[in-house]
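Understanding the architecture of this molecule
Here is what each chain is made of, one letter per residue.
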Amino acid sequence: MSEIPADLKYSKSHEWVREEGGMITVGITDHAQELLGDIVFVELPEVGGEIDLDGECGVIESVKAASDLYAPMAGEIVEVNEALADSPESINETPYDAWVFRIKPTSSDALEQLLDAAAYTEVVEAE
Amino acid sequence: MPFIPHTEVETQSMLASIGVEHIDSLFEEIPPSLRASPVDHPLDGLSEMEVGQLMRERATADDHTLCFAGGGAYQHHIPAAVWELATRGEYYSAYTPYQAEASQGTLQLLYEYQSMMSSLMGMEVSNTSLYDGASALAEAVLMAVRSNRKAKSKRILMPVTVHPIYRKVVSTLVRHQDIDLVELEYNSATGTIDPDSLQLSEEDPGYAALVIPLPGYFGTLEAVHKLTDWAHEHGMLVIATVNPVAMATLTPPGEWGEKGVDIACGEGQPLGIPLSSGGPYFGFLCCRQSLVRQLPGRLIGRTRDLEDREGFALTLQAREQHIRRSKATSNICTNQGLMVTAATIFMSLMGARGLEQMSQGSHLNTEKLAQRITAIEGVKQTFKVPFFHELVVTLPQSASGVLEQLAAEQIVGGIALQSHYPELENGLLICATELRTDAEIDHFATVLERVLC
């Protein structure tokens, strides 16, 4: 069973979300990295770009698949994790530290729409 | 299973069982005007020996045609070994070698091709070819728009000195993807883009990329360093569309300006592919390492197997349609594998020095041709600037009429420019590769002089 920290929020498309001072940090879950296998490349979104809820904002490429990243909420991309260019495998190693991008959300209650750890556990178990 | 046609008896028995008298009555619902008439055989039939004689006669008619036309396809020397080797059973396939364990020879050849092409272009990466030079430019444009997200623009600066057919093909492939091709006019005195005339105002929404041809369609040399730097200063990517043989003499795109171009593409035909009435040819596409995930088409990598032996395999396949489906970098990566096989053998036989000799021989012969042709009364060099192996001359009368008369004397005298460039009404684009001898150039000039007076 993969790790699902209780203090984070989740999307159905397997992104995790952490709120810090009005900013939202996004990464992919332990479950997602297990499914993908060895990650070899991360295509990051453009800093300053506006994204919609569920909009495509990057690609995670592994040795066996390439899958799109979706925005868990609408907003502006304020920061991307440049370190992933040199060490994409850090997502496999520490999925909850290896964040991908940060969003300044458009709406303050967007976080409420996401799943909590219990609800996300159900999503993973149903797969 | 052999093909065994029905006998007359079988046919009659089948017709009888369905109650039809003639086979033709089965097709009556097709209006007569749409039906093919019986094949009109030109001859009752020839023996093998007679066919051989006829073919030899036809072949000599081809051999006697003197070609002074270029315009994107060039008649160069092809060592006999090139096609002798390329058509061997081991190589004779254009299919993608997905199954690495059964395709090491083909994979290694394609890997060598990538290395040769990258070196010739001065670029970091090459794919293993596209359909042709025109579609390679279209893919380069799509790639530039995908890569240059900072520009926030889907507009491309496209000089009209880029091959007119390439511009049409690019337009066909990109116009339904909200990409605007903005034409850049040439200076009427030089036949090239004037870099000092380029201005972007404050309100200008900018461009994703600038395309630079070398040589331009008129055979002229664009100010590649200035143009490359100007485009980079304005946040554009630079796409070079070049003749590979010219790159053995001229500065390759990877070294243009301060940073070199971002994408280089072109037509591979001059590298060992015969004219063959226009195809099959192949396109090449090279880029910076940082853009490799946006590069369409096959890529071969060198690796080591479990027993530490060297091997070759398709790599970075996540870009491609069999993995990424509709989100692939391209769904037009028809690979001209057999042409690439010939080009790789061609380049390895010629070597860097051979290619340079071919390149310089073409330039020198075109210099001779220019001198000889412009010595004819009423014929002028249209753009008085340096050229590579092609140039435009202005005739005292319509170029297409002159070409017809030259054709009657077995001379393909060039390309009339009027249909693509109406302002060059009597303009003729002429070319002499390393194959043209002094006697042939002299013969062309003599016949042209006679036709013009």
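Thresholds applied
- The residue count restarts for each chain, going from 1 along the sequence in the order it is written.
- Chain labels run from A onward and ligand labels from 1 onward, assigned in the order the entries are written.
- With the structure being a predicted model, the display of local features is reserved for residues of pLDDT at least 70 and the display and counting of side-chain atom pairs for 80 or more, all residues being used for whole-chain, interface and lining totals.
- Each helix is a run of DSSP H or I of at least 4 residues and each strand a run of E of at least 2, with the numbering of both proceeding from the N terminus.
- Atoms counted for the radius of gyration: C-alpha only. Globule rule: 2.2 Å times the number of residues to the power 0.38.
- Counting other C-beta atoms within 10 Å of a residue's own tells you its class, since 20 or more makes it buried, 12 or fewer makes it exposed, and anything in between is partly exposed; those C-beta atoms are placed from the backbone.
- Any pair of residues counts as being in contact when their C-beta atoms, constructed from backbone geometry, are within 7 Å of one another.
- Segmentation into domains, and thus their bounds, comes from an automatic or database assignment.
- By the convention adopted, Pro, Cys, Tyr, Trp, Phe, Met, Ile, Leu, Val and Ala count as nonpolar, Lys, Arg, Asp and Glu as charged, and the other residues, Gly among them, as polar.
- Whether two strands pair depends on DSSP finding at least two bridges between them.
- Orientation is described by lines fitted to C-alpha atoms, with helices fitted over the stretch in contact, and by angles between N-to-C directions that extend from 0 to 180 degrees.
- Here roughly perpendicular refers to angles of 65 to 115 degrees, roughly parallel to angles under 35, roughly antiparallel to angles over 145, and oblique to all remaining angles.
- Two helices that cross are described as forming a left-handed crossing if the nearer one is turned anticlockwise from the farther one by less than a right angle, and a right-handed crossing if clockwise.
- pLDDT measures the predictor's confidence residue by residue and takes values from 0 up to 100.

On to the overall build of chain A, then. Secondary structure summary: chain A contains three helices and nine strands in total. Ordered by position from N to C terminus, the α and β elements of chain A give β-β-β-α-β-β-β-β-β-α-β-α. Here chain A has a C-alpha radius of gyration of 13 Å; the compact-globule value for 127 residues is 14 Å, and the two agree. Overall, the C-alpha framework of chain A stretches about 35 × 30 × 20 Å when taken along its three principal axes. Here chain A holds 127 residues, and the buried ones make up 37% of them. Considering only intrachain contacts with a sequence separation of at least 6, the fraction spanning at least 24 residues in chain A is 63%.

To continue, consider the domain arrangement of chain B. How big an interface is tends to be stated in terms of accessible area lost as the parts join. Residues and elements named next belong to chain B. We note that the domain assignment places domain 1 (64–76 + 353–452) and domain 2 (80–345) within chain B. Relative to domain 2, the C-alpha centre of domain 1 lies at a distance of 28 Å. Counting residues at the interface gives 24 residues for domain 1 and 21 residues for domain 2. Of all elements in the fold, only α9 (337–374) and β12 (390–394) reach the threshold of two or more residues within the side of domain 1 that touches domain 2. If you tally residues by element for the side of domain 1 that touches domain 2, the top one is α9, at seven residues. Grouping the amino acids of the side of domain 1 that touches domain 2 by side-chain chemistry returns twelve nonpolar, ten polar and two charged.

In this section: the sheet that holds strand β2 (residues 15–20) of chain A. Backbone hydrogen bonds hold the strands of a sheet together, and the pairing may be parallel or antiparallel. All names here are of chain A. If you walk across this open sheet you meet the six strands as β1-β2-β3-β9-β8-β5, and the pairing is antiparallel. Each of the sheet's edge strands pairs with one partner strand only, and the pair in question is β1 (9–10) and β5 (50–51). Pairing geometry for β2 and strand β3 (residues 23–28), over six bridges, is antiparallel. If you follow Val17 over to β3, its bridge partner there is Val26.

We now examine the packing of helix α10 (residues 399–407) of chain B against helix α11 (residues 438–452) of chain B. Residues and elements named next belong to chain B. As a packed pair, α10 and α11 sit with axes 10 Å apart at the nearest point and diverge in direction by 125 degrees. Classified by the interaxial angle, the pair formed by α10 and α11 is oblique. Remark: the crossing between α10 and α11 carries right-handed chirality. Contacts from Val402, Gln405 and Leu406 of α10 reach α11 at Val447, Leu448, Val451 and Leu452. Of the residues belonging to the contact of α10 with α11, the class tally is six nonpolar, one polar and no charged.

To continue, consider the confidence of the model for chain B. When pLDDT is averaged along chain B, the result is 92; 98% of the residues meet or exceed 70. Across the interface, the model reports ipTM at 0.75; the global pTM reads 0.85.

Taken together, the contact pairs five residues of chain A with six residues of chain B. Considering only residue class, the side of chain A that touches chain B consists of two nonpolar, no polar and three charged.

Each pair of packed helices can be summarised by the angle the axes make with each other and by the distance between the axes. Residue and element names in this part refer to chain B. α9 packs onto helix α4 (residues 104–121) with a crossing angle of 60 degrees between their chain directions and a minimal axis gap of 10 Å. Compared by their axis directions, α4 and α9 come out oblique. Both α4 and α9 take part in a crossing whose hand is left-handed. For the pair α4 and α9, the contacting residues are Leu109, Leu110, Glu112, Tyr113 and Met116 in the first and Val340, Thr341, Ala343, Thr344 and Met347 in the second. Here the residues of the contact of α4 with α9 are counted per class, giving seven nonpolar, two polar and one charged.

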